[in-house]
Amino acid sequence: MIDKSAVIHSTAIVSDDAVIGPGVTVGPWTIIGSEVEIGEGTSIASHCVIKGPVKIGKRNKIFQFATIGEDCQDKKYAGERTFLEIGDDNVIREHCTFHRGTVQDQCLTKVGSRNLFMVNVHVAHDCVVGDDCIFANNATLAGHVHIGNWVIFGGLAAIHQFGRVGDHAFIAGMAALNQDVPPFVMAAGHYAKPFGINKEGLRRRGFSNEAISTIRHAYMIVYKESKTVDEAIDKLGPLCEQEPSVQLLVDFLKESTRGICR
């Protein structure tokens, strides 16, 4: 089950049924448990613990002292068989903790690809994280949290259980989120409030000036015209025709159950 091109340090402990792909490296004193699958080219540093059932994709880089796939911290968890899936090309820095899901949700914690998790980031049970996100040091995701694509979390920021953050949102350092943050929105504070759109992030990702202007118009409708969410959704329809990415905002508002930060 270990590809012959993998390099496993002599002090590492690897379960007999673990699947270790081509070009994988495993550092000293790392423990890889049962039902762990590690994809091609992934590197795992020293003193890591990976507990299955876990599937890790290709070319991930996991730094020392990370704990991946451990039982969750939910008191309802009673040892049920649950899962963690991690995509490709993620960087997981020191002391990060990713926990498997629970039967109260979909039994699955799922992380996408090309994300950066800086030191001490916690991804709790049943979280779903998209692609191309950045989580700075000590960012904390509580259970059942959903994070979109291209989201940035500042250091020490935290989000409440079942919270959601939409694509291209920016969460400032030390922010405390007790409600959802829609796509494109910058949020800061305790508890977090909206502070405009993530204009610079959108520019870096190739959004045109016209698209950014339309997204800002959509933000003004939601946040500056004293409308209910349903009233704002009705008014956003024409903007979706003008700029298709506004549909991300409309869909998010329709699906929000905790309410959005105001």
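A short tour of the structure in this document, coming up. None of these values were measured; they are calculated from a predicted model. (Residues numbered from 1 in each chain as written. Predicted model: local features only at pLDDT ≥ 70, side-chain atom pairs only at ≥ 80, totals over all residues. Heavy atoms only, no water.)

## Things to note about the overall build of the protein chain
- The secondary structure content of the protein chain amounts to four helices and 28 strands.
- Across the 262 residues of the protein chain, 50% fall into the buried class.
- Residue pairs in contact within the protein chain that sit at least 24 positions apart in sequence constitute 31% of those at least 6 positions apart.
- Just so you have it, the protein chain exposes about 12000 Å², and 52% of that area is on carbon and sulfur atoms.
- Across the protein chain, the 26 positively charged side chains and the 30 negatively charged ones have centroids separated by 6 Å. (Helix = DSSP H or I, 4+ residues; strand = E, 2+ residues; numbered from the N terminus. Buried < 20%, exposed > 50% of the residue type's maximum accessible area, 1.4 Å probe, protein only. Contact = heavy atoms within 4.5 Å. Areas by Shrake-Rupley, 256 points an atom, 1.4 Å probe, with all protein chains shown as cover. Lys, Arg positive; Asp, Glu negative; His and termini not counted. Charge placed at Lys NZ, Arg CZ, Asp CG, Glu CD.)

## Topic: helix H4 (residues 246-255)
- Among all positions of H4, only Val246, Leu249, Val250, Phe252 and Leu253 are buried. Seen along its axis, H4 keeps its buried residues to an arc of 165 degrees; they face one direction. Exposed positions of H4 whose direction lies more than 90 degrees from the buried face are Lys254 and Glu255.
- Along its buried surface, H4 packs onto strand S24 (164-165), helix H2 (209-224) and helix H3 (229-242). (Arc of directions from axis to C-beta.)

## Thoughts on unusual backbone geometry
- Looking along the chain, the bond that leaves Gly52 and enters Pro53 is cis, with omega of 5 degrees.
- With respect to the helices and strands, Pro53 occurs in the loop between strand S8 (49-50) and strand S9 (54-56).
- Following His190, the chain continues into Tyr191 via a peptide bond in cis, with omega recorded as -5 degrees.
- The residue Tyr191 is located in the loop between strand S27 (185-189) and strand S28 (192-197) in this model.
- A positive phi is found at His168, a non-glycine position, where the angle reads about 65 degrees.
- For His168, the position within the fold is in the loop between S24 and strand S25 (170-171).
- His168 gets classed as buried once you look at its relative accessible area, which sits at 7%.

## Observations concerning the pattern of salt bridges
- This structure, assessed with the given rule, holds 15 salt bridges.
- Residue Arg81 pairs with Glu35 through a salt bridge whose shortest N-O separation is 2.5 Å. With Arg81 in the loop between strand S11 (67-70) and strand S12 (83-86) and Glu35 in the loop between strand S5 (31-32) and strand S6 (36-38), this pair connects stretches of sequence that are 46 residues apart.
- Arg164 is the partner of Glu255 in a salt bridge, and the nearest nitrogen-oxygen pair spans 3.2 Å. Highlighted residues: Glu255 in helix H4 and Arg164 in strand S24, separated in sequence by 91 residues.
- We classify Arg164 as buried; its relative accessible area is 15%.
- Here the residues in one salt-bridge network are Lys51, Glu70, Asp71 and Arg100, joined through shared partners. (Salt bridge = Lys/Arg side-chain N within 4 Å of Asp/Glu carboxyl O.)

## Observations concerning H2
- A rise of 1.5 Å per residue sets the reference length of H2, with its 16 residues, at 22 Å; its end C-alpha atoms lie 21 Å apart and thus fit the reference within 8%.
- Every buried residue of H2 is accounted for by Ala211, Ile212, Thr214, Ile215, Ala218, Tyr219, Ile221, Val222 and Tyr223.
- Taken from the residues just after H2, Ser226 is the one with a positive phi, measuring 55 degrees. (Expected span 1.5 Å × (residues − 1).)

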